[in-house]
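Summary of the model geometry
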Amino acid sequence: MHAATMQETGRDRRPTTDRYAKCIEVSKRIRWDIDRDVIRGRRFDLSKKFMPDGLSKVQQLTFLSPAEKRFLSQVQGRTYANMFALVERFIGAKTTELSHDHALGDQVAFEALVRLTDEELKHQELFRRLERMASEQMPEGYQFMPQPNDVAGAVLSKCSWAVMGLTLDIEIFSQAHYRSSIEPDTELSELWKDVFLFHWKEESQHAILDELEWRRVHAQLSEAGRDEGVTDLIELVGAVDHLVQLQAKGDADYFIVHVGRELSKAEQASIADVLLKAYRWQYIVSGAQDARFGDVLTELATPAQMDRIGAALGPIVAHVTQATH
Ligand SMILES: [Fe+2]
Ligand SMILES: [Fe+2]
C-alpha cells in the first residue's frame, strides 16, 4: 500500500484506503442518469418556488406579493444551478490533477477521484440542460455573468491547499442546503427539488474525498506552504464575494425589469441588498459556519491563521445578518 494512504484521518479512524473504497462502493450504488432518473421528461413548474425560503431570504421583502416572491426564488434557483456548473469546472480539473499523485500508487484512491471527476462532468451537463429549459420557460434577459473557464483559471492559479479548502466548503454547503432547507420545503418545483436530491446523493461522497485530499495536501506542506494556503484561501473568498456581488446585481436588474409593475427606488435597492445577502449566505457564510467544515479547518489552520480568516469573513458575515429596510 502507498505510504501516503496509511495515515489515519480525523474522526473516522479507518485507514484512508478503506475510506476511498467506501466512496467507490456508494458511488456505484447510487449512480443516476440525467434523463432516466432526474429530468424524466419533465419541465419546471413555474407555479412553484425553486429556491426555498431558508436560502432565498425573499420573505424579508415584505412589499412583494407571494407571486413576486416566487418569481424571485426562481431567478435565484436558476443562478444556484448555474453556480454549481461553474464551480464543478474547476473542481473536476483540480481532482484530475490531484489524482495523478495516486495514478501509479493507490489504485483505490485513483478510482475514487476518477469517479468524482466523472460525476462532476455529468453534473455540469445536467445544469446546462436546466439552464436551457429555464431560458425557454422564463422571460428573456437573464444572464449568468461568470465564465466557467475564466473562474477556473483564476482559482487553479492558487495553491492546492486553498483550492481544496474552497472545494470542501462548497461540497459541504451543498449538502447542508439540501438537508436543512431544500428537502423540508414542500412547496418547491418537483423537478428543481429532484435535481438537488440527486446532486446531494453524489456530493456526499465528494465531501469525504475532498477532506481526504485536503489533509493529504496539508501533510506534504511546510509551515510556510500552509500559510501561503491560508492567504490564497482568503483571496479565493474575496473572489467568490466579487462574483456574487456581480450576479446579485444582474439578477436584481432582471427581476426588476420583469416583475410586472413599477417599483420605487427604495424597493429596488432593498431587492438588490437582499439578493446580495442571500448569495453571500448561500455561497460563503453558510459553508464557512458549517460545523463539519469548521472542524477540519480548525484542525488544519493555526489559531493565528483562523484569526486572519475570521477577519476576512467579518464584514461579509456582518452584512448577511444586518436587517434590510
Ligand atoms: Fe456536483
Ligand atoms: Fe462534487
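In this text, all values refer to a predicted model and were calculated from it rather than measured experimentally. (Residues numbered from 1 in each chain as written. Chains lettered and ligands numbered in written order. Predicted model: local features only at pLDDT ≥ 70, side-chain atom pairs only at ≥ 80, totals over all residues. Heavy atoms only, no water.)

1. Some remarks on the overall build of the chain
Selection rule: Put simply, DSSP marks the helices as runs of H or I at least four residues long and the strands as runs of E at least two long, and each gets a number from the N terminus on. In this treatment the radius of gyration is a C-alpha quantity, and the globule benchmark scales as 2.2 Å times the residue count to the 0.38 power. Using a 1.4 Å probe, accessible areas were evaluated by the Shrake-Rupley method; residue-level cover was limited to the displayed protein chains.
When you go through the chain residue by residue, the secondary structure sums to twelve helices and zero strands. When the helices and strands of the chain are listed from N to C terminus, the series reads α-α-α-α-α-α-α-α-α-α-α-α. Relative to the 2.2 N^0.38 estimate, which gives 20 Å for 325 residues, the radius of gyration of the chain is 20 Å and therefore close to what a compact globule would have. Considered along the principal axes of its C-alpha atoms, the chain spans approximately 65 × 45 × 35 Å. Accessible area of the chain: about 13,700 Å², with a carbon and sulfur share of 55%.

2. Here we look at the nonpolar core
Note the following rule: What makes a nonpolar core is a set of buried Ala, Val, Leu, Ile, Met, Phe, Trp, Tyr and Cys residues whose side-chain atoms join them at distances within 4.5 Å. Whether a residue is buried, partly exposed or exposed follows from its accessible area with a 1.4 Å probe, protein chains only, as a fraction of its type maximum: under 20%, in between, or over 50%, in that order.
Within the largest apolar cluster, 97 residues are counted, with the highest numbers of intra-cluster contacts made by Phe-90, Trp-161, Trp-192, Phe-196, Trp-214 and Ile-271. Considering each element in turn, this core owes the most residues, 13 residues, to helix 4 (residues 66-99).

3. A short note on the side chain of Arg-280
We apply this condition: Pairs of residues are marked as contacts when any of their non-hydrogen atoms sit within 4.5 Å.
Position of Arg-280 relative to the elements: it lies in helix 10 (residues 265-288). Ignoring any residue separated from it by four or fewer positions in sequence, one finds Arg-280 in contact with Asp-241, Val-244, Gln-245, Val-285, Ile-316, His-319 and Val-320.

4. Notes on the packing of helix 7 (residues 160-182) against helix 11 (residues 291-300)
What counts, and what does not: For every element, the axis is a line fit to its C-alpha atoms; helices are fit only across the contacting stretch, and the angle between N-to-C directions ranges from 0 to 180 degrees. For classification purposes, an angle smaller than 35 degrees is called roughly parallel, one larger than 145 roughly antiparallel, one from 65 to 115 roughly perpendicular, and anything else oblique. Helix crossings get a hand from a simple test, with the near helix turned counterclockwise from the far one by less than a right angle marking a left-handed crossing and a clockwise turn marking a right-handed one. Residues were grouped as follows: Ala, Val, Leu, Ile, Met, Phe, Trp, Tyr, Cys and Pro as nonpolar; Asp, Glu, Lys and Arg as charged; and all remaining residues, including Gly, as polar.
The contact between helix 7 and helix 11 brings their axes to 9 Å, and the two run at 160°. Compared by their axis directions, helix 7 and helix 11 come out roughly antiparallel. With respect to the hand of their crossing, helix 7 and helix 11 are arranged in right-handed fashion. Residue-level contacts link Trp-161, Gly-165, Leu-168, Asp-169, Ile-172 and Gln-175 of helix 7 to Arg-292, Phe-293, Val-296, Leu-297 and Leu-300 of helix 11. For the contact of helix 7 with helix 11, a count of residues per class yields seven nonpolar, two polar and two charged.

5. Some words on the coordination of the iron ion (ligand 1)
The condition is simple: A 2.8 Å cut-off from the metal defines N, O and S donors, relaxed to 3.2 Å for Na, K and Ca; water is not in the atom list, so some sites may appear incomplete.
All of the protein donors around the iron ion (ligand 1) are Glu-88 (OE), Glu-120 (OE), His-123 (ND1), His-199 (NE2) and Glu-203 (OE); their distances to the metal are 2.1 to 2.3 Å. Motif for the iron ion (ligand 1), donor spacing along one chain: E-x31-E-x2-H-x75-H-x3-E. The distance between the iron ion (ligand 1) and the iron ion (ligand 2) comes to 3.5 Å, with Glu-120 serving as a donor to both metals. One end of the pair is His-199 and the other is Glu-203, both in helix 8 (residues 190-219) and four residues apart, which spans about a single turn.

6. A look at the coordination of the iron ion (ligand 2)
Every protein donor of the iron ion (ligand 2) is accounted for by Glu-120 (OE), Glu-171 (OE), Glu-203 (OE), Glu-203 (OE) and His-206 (ND1), and the metal-donor separations fall at 1.7 to 2.4 Å. In the primary sequence, the donor residues of the iron ion (ligand 2) line up as E-x50-E-x31-E-x2-H.

7. Observations regarding helix 9 (residues 223-258)
Note the following rule: The span expected for a helix works out to 1.5 Å for each residue beyond the first.
The end-to-end C-alpha distance of helix 9, which contains 36 residues, comes to 52 Å, matching closely the 52 Å that a straight helix rising 1.5 Å per residue would cover. In the segment just after helix 9, Gly-260 is the residue with positive phi, at about 95°.

8. Section: the side chain of Glu-203
Where we set the bar: His residues and chain termini do not enter the charge count, which takes Lys and Arg as positive and Asp and Glu as negative. By salt bridge we mean one thing: a side-chain nitrogen of Lys or Arg within 4 Å of a carboxyl oxygen of Asp or Glu.
The charged side chain of Glu-203 is buried without a salt bridge, its nearest counter-charge being Lys-122 at 9.7 Å. Aside from chain neighbours lying at most four places away, what touches Glu-203 is Glu-88, Glu-120, His-123, Glu-171, Ser-174 and Gln-175.

9. Comments concerning the pattern of salt bridges
One side chain can pair with another of opposite charge once the charged atoms of both are near each other. This structure, assessed with the given rule, holds 28 salt bridges. One salt bridge connects Lys-22 with Glu-25, and the closest N-O pair in it is separated by 3.5 Å. Residue Lys-22 and its partner Glu-25 are both found in helix 1 (residues 16-30); the two are separated by three residues, about one turn of the helix. Given the relative accessible area of 41%, Glu-25 is considered partly exposed. Put simply, Glu-131 and Arg-78 hold a salt bridge, and the shortest N to O gap is 2.9 Å. With Glu-131 in helix 5 (residues 107-137) and Arg-78 in helix 4, this pair connects stretches of sequence that are 53 residues apart. A network of salt bridges, in which partner residues are shared, links Lys-49, Asp-53, Asp-185 and Glu-187.

10. Quick look at the environment of Lys-22
Residue Lys-22 is classed as partly exposed on the basis of its relative accessible area of 34%. The spacing of Lys-22 and Val-108 is 86 residues in sequence and 9.7 Å in space, taken between C-alpha atoms.

11. Side note on the packing of aromatic side chains
Rule in force here: Aromatic contacts are taken between Phe, Tyr and Trp rings whose centres are within 6.5 Å, Trp giving its six-membered ring; a plane angle under 30 degrees counts as stacked, one over 60 as edge-to-face, and the others as tilted.
On inspection of all chains with the given rule, the structure shows 20 aromatic pairs. A centroid spacing of 5.8 Å and a plane angle of 25° characterise the contact between Phe-127 and Phe-196, whose relative ring orientation is stacked. Highlighted residues: Phe-127 in helix 5 and Phe-196 in helix 8, separated in sequence by 69 residues. A ring pair is formed by Trp-192 and Phe-196, whose centres lie 4.6 Å apart and whose planes are at 45°; its orientation type is tilted. A residue pair is termed a helical-turn pair when its members lie 3 or 4 positions apart in one helix, as Trp-192 and Phe-196 do in helix 8 at four residues. Phe-196 carries the same exposure label as Trp-192, and that label is buried.

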